[in-house]
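Below are the chains, spelled out letter by letter.
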Amino acid sequence: EVNTITFVGDNRDNVIVVNNRQDSSAAAFYYGAVTLVNVKDYRFKNLTIQGKQQNVSRGVALRGNGSTNILFENCRISANPTNTVTTTSYAVGRETSATNVPDTIAFRNCIMEGGNFGVYYVGNTKSGNNKRQNSLILENCRIKSCYRGVYAKYSLPLTLKNNHISQYPMNSHQEFSGIF
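Reading guide: rules and limits
- Residues numbered from 1 in each chain as written.
- Predicted model: local features only at pLDDT ≥ 70, side-chain atom pairs only at ≥ 80, totals over all residues.
- Heavy atoms only, no water.
- Helix = DSSP H or I, 4+ residues; strand = E, 2+ residues; numbered from the N terminus.
- Buried < 20%, exposed > 50% of the residue type's maximum accessible area, 1.4 Å probe, protein only.
- Pairing = 2+ DSSP bridges.
- Phe/Tyr/Trp six-rings, centres within 6.5 Å; stacked < 30°, edge-to-face > 60°.
- Axes fitted to C-alpha atoms, helices over the stretch in contact; angles between N-to-C directions.
- Salt bridge = Lys/Arg side-chain N within 4 Å of Asp/Glu carboxyl O.
- Patch = residues over 30% accessible without salt bridge, like charges linked within 9 Å, V, L, I, M, F, W, Y side chains within 5 Å.
- Areas by Shrake-Rupley, 256 points an atom, 1.4 Å probe, with all protein chains shown as cover.

Chemist: Help me get a handle on the environment of Asn 11, residues and values and all.
Modeler: Secondary-structure assignment places Asn 11 in the loop between β1 (5–8) and β2 (16–19). Here Asn 11 falls in the partly exposed class, since its relative accessible area comes to 31%.

Pasting the structure below:
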């Protein structure tokens, strides 16, 4: 039997989770409005999740050993559109980890907007038993970012189904890639 923790709002415009932290220290790089560290069986439905920091802006950040069986459904996830090529700002992100416990995470019917990256998701380059393969599912999502819509490296299986990926409207555009 699985005990699932569920966070449900009436609709994604009424329940808002915000990170306004203005700290530019190294510690700020670890946190999003929602930060998942070594968790499993979580559901997020009908929520707005906003990373509103100026320099280091992240909506959802994944850290630590694998976070498994995670689902975001009908959520709006955003980050400050800082319009650079660095990974300091993304709507959803997983930084490289040295562990061999994979993530399994799905986003269905979500809107991800702002950030240099809409989705920045990186596994592990190590070989053998230490190779990390993250399972990432993006289904029926709208992703709008400044530099890369979806950046997924060492993340298999990667499932992209019926998504719309575009560049965030800016006065000065970066060289945009929908999927990199």
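We are not done yet, so read on.
Chemist: Account for the pairing of strand β10 (residues 104–108), naming residues and giving values.
Modeler: The pairing of strand β7 (residues 68–73) with β10 spans 4 bridges and is parallel. Following the sheet pairing, Ile 70 is matched in β10 by Ile 105.

Chemist: A description of the packing of aromatic side chains should follow, citing residues and the corresponding values.
Modeler: Inspection of every chain in the model, using the stated rule, returns 11 aromatic pairs. With a centroid separation of 4.4 Å and 5° between ring planes, the pair formed by Phe 44 and Phe 72 is classed as stacked. Note that Phe 44 is positioned in strand β4 (residues 40–45) and Phe 72 in strand β7, a separation of 28 residues in sequence. Judged on exposure class, the residue Phe 44 and its partner Phe 72 are both buried. Note on Tyr 151 and Phe 180: the rings are 5.4 Å apart at their centroids and 15° apart in plane angle, and the pair reads as stacked. Here Tyr 151 is found in strand β15 (residues 148–153), whereas its partner Phe 180 is found in the segment after β18 (177–179), with 29 residues between them in sequence.

Chemist: Explain the sheet that holds β18 to me, and be specific about the residues and the numbers.
Modeler: A sheet is described by the order of its strands in space; here 6 strands give the open sequence β3-β6-β9-β12-β15-β18, paired in parallel fashion. One side of each edge strand has no neighbouring strand; the edge strands of this open sheet are β3 (34–37) and β18. Adjacent strand axes in the sheet meet at a mean angle of 20°, parallel and antiparallel pairs treated alike. Note: strand β6 (residues 57–63) against strand β9 (residues 89–94), 5 bridges, orientation parallel.

Chemist: Hey, could you go over the pattern of salt bridges for me, with residue numbers and the actual values?
Modeler: Here the structure, examined in full by the defined rule, presents 3 salt bridges. As a salt-bridge pair, Glu 113 and Arg 76 come within 3.2 Å of each other at their nearest N and O atoms. Separated by 37 residues along the polypeptide, Glu 113 in strand β11 (residues 111–114) and Arg 76 in strand β8 (residues 76–79) bring together distant segments of the chain. A relative accessible area of 24% places Glu 113 in the partly exposed class. Between Glu 139 and Arg 108 there is a salt bridge, and its shortest N-O distance comes to 3.7 Å. In this pair, Glu 139 sits in strand β13 (residues 135–139) while Arg 108 sits in strand β10, placing the two residues 31 residues apart along the sequence. Using a relative accessible area of 18% as the deciding quantity, one classes Glu 139 as buried. What you see here is one network of salt bridges that share partners, running through Asp 13, Arg 76 and Glu 113.

Chemist: Residue-level account of a nonpolar patch on the surface, with values.
Modeler: Among the surface-exposed residues, Leu 156, Leu 158, Leu 160 and Ile 179 lie close enough to one another that they form a single nonpolar patch of about 340 Å² accessible area. With respect to the helices and strands, the residue Leu 158 is situated in strand β16 (residues 158–161). Given the relative accessible area of 31%, Leu 158 is considered partly exposed.

Chemist: Break down unusual backbone geometry for me, citing the residues and quoting the values.
Modeler: Its identity as a non-glycine residue notwithstanding, Asp 41 has a phi of 60°, on the positive side. With respect to the secondary-structure elements, Asp 41 resides in strand β4. Look at Asp 41 and you get buried, because its relative accessible area is 11%. One non-glycine residue, Asn 140, adopts positive backbone phi at about 55°. Considering the arrangement of structural elements, one finds Asn 140 in the loop between β13 and β14 (142–145).

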